[in-house]
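# Examining the three-dimensional arrangement
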Amino acid sequence: MSEHDDKRPEENGDTRADQRGGNGESGNRLRRELPQEVSASVPAARDTPDKDAPDQDPPEAGAVPVPEPEVVPEPDPDSEPQLTGRQRLVKGLWPPRVSRAQFIVAVLLFGLGFGLAVQVASNSDSDSALRGARQEDLVRILDELDDRTQRLEDEKQGLEKQRDELENSSDQAEEARKQTIEKERQLGILAGTVAAQGPGITMTIEDTKGTVEADMLLDAVQELRAAGAEAIQVNGVRVVAGTYLTDSGKGVSVDGNKINAPYRFKVIGKPQDLEPALNIPGGVVQTLEKEQATVTIERSTKIVVDALRAVKRPDYARSSSQ
């Protein structure tokens, strides 16, 4: 063996030692530079070696430990499934959770909506007669409105004429007395204390079924007054401003006086205004005919209203001129 061969083992041994020393220093340096990784999800059983497991080679000095992979738990089939956005919205709205204040507001809104619906329905019912009326009926209604306007205009002009006569008359006292007498006569006719005559109509209502009630006759009186009636008499009872009608058995009472069918109205006024007012679509005549009553209207140039009302002295009111 040569001299060189004798030195090789020693040199080789030194070289391996140097390499091991170098690897140790390198491993320590890598351990210091790498962050410490601690896996919290690894069970403690993994840290304890299994006695039954086969012997494993110890890790080499300076080797970097490899972290164990995290264990992902398997989904539990009994757990609640994930909800979509629409399902979460439905779950939040139903079942409803209503507070007391919200309940009160809902009730008020319901009442308001119901009232509006009833009002719209009632207006539709009142306008249905005019929507279904013929052109001739609509023209007649317009003529009646024009006549009422003309009567009010004539009354206005008459009052203005009286005022001018009082202002321009040389004997204002005598003129005032004449106008007072004329006014008393007119008020007597309206109050029913004096008889009256003039053109007008006679309306007869035959009620064989007994279906005519007091409110229907009251509607007839109101319609006649609106059409310009100046004096009205029903079956011998004078109708005045304070007249009231009530049902009384099979008949009707006028101011406490019971009357029976047929009901006969004597009305003084302009016949051309009174008759159309009763025959308008949805008016008095159509309402009575729906109740199987028969209505007859006759025009006349002379109607006598001779039923009188007793003069009642007021208890407290007195004339300001006394």
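Relevant structure appears above.
Small disclaimer: the values here were computed from a predicted structure and weren't measured.

This brings us to the sheet that holds strand E6 (residues 257–259). Pairing is antiparallel in the open sheet, where three strands are placed in the order E4-E5-E6. Unpaired on one side and paired on the other, strand E4 (245–248) and E6 mark the two borders of the sheet. Here the strands of the sheet are splayed against their neighbours by 35° on average, with no regard to which way each runs. In terms of strand pairing, strand E5 (residues 251–254) meets E6 through three bridges, oriented antiparallel. The partner of Val 254 across the bridge, within E6, is Asn 257.

A few words now on the sheet that holds strand E8 (residues 294–305). Sheets are built from strands that pair by backbone hydrogen bonding, the pairs being arranged parallel or antiparallel. Pairing in this open sheet of five strands is antiparallel, and the strands run E3-E2-E7-E1-E8 from one edge to the other. Whereas interior strands pair on both sides, the edge strands pair on one side only; in this sheet they are strand E3 (237–239) and E8. Pairs of neighbouring strands in the sheet enclose a mean axial angle of 25°, with direction left out of account. Of the pairings in the sheet, the one linking strand E1 (residues 196–206) to strand E7 (residues 263–268) comprises six bridges and is antiparallel in character. Bridge pairing in E7 links Gly 200 to Ile 268. Here helix H7 (residues 214–226) sits on the sheet in contact with E1, strand E2 (231–234), E3 and E7, set at roughly 10° to E7.

With that out of the way, let us pick up the side chain of Asp 207. Examined against the element boundaries, Asp 207 turns out to sit in the loop between E1 and H7. In this structure, Asp 207 is buried with no salt-bridge partner, the nearest side chain bearing the opposite charge being Lys 209 at 9.1 Å. There is a polar contact of 3.0 Å between the side chain of Asp 207 and the backbone nitrogen of Thr 211. If we skip the residues at most four places from it in the chain, Asp 207 touches Val 212, Ala 261 and Tyr 263.

Rules and cut-offs
Each chain carries its own residue numbering, running from 1 in the direction its sequence is written. Where totals are concerned, whole chains, interfaces and linings use all residues; where local detail is concerned, this predicted model gives features only for residues with pLDDT of at least 70, and gives and counts side-chain atom pairs only at 80 or more. Neither water nor hydrogens contribute to the side-chain values; these are computed over all heavy atoms in the structure. Two strands are said to pair when DSSP picks up at least two bridges between them. Secondary structure follows DSSP: runs of H or I at least 4 residues long count as helices, runs of E at least 2 residues long count as strands, and numbering of each begins at the N terminus. Note on geometry: axes are lines fitted to C-alpha atoms, helical ones only across the stretch in contact, with angles between N-to-C directions running from 0 to 180 degrees. We call two residues contacting when some pair of their heavy atoms lies within 4.5 Å. Between buried and exposed lies partly exposed: a residue is buried under 20% and exposed over 50% of the maximum accessible area for its type, with that area taken using a 1.4 Å probe on protein chains only. For this count, His and the chain ends are skipped, Lys and Arg are scored as positive, and Asp and Glu as negative. Think of a salt bridge as a Lys or Arg side-chain nitrogen and an Asp or Glu carboxyl oxygen that are within 4 Å of each other. For the purposes of these results, a polar contact is taken to be a pair of N or O atoms within 3.5 Å, where, inside protein, one atom must be able to donate a hydrogen and its partner to accept one; residues adjacent in sequence count only when each atom of the pair is a side-chain atom.

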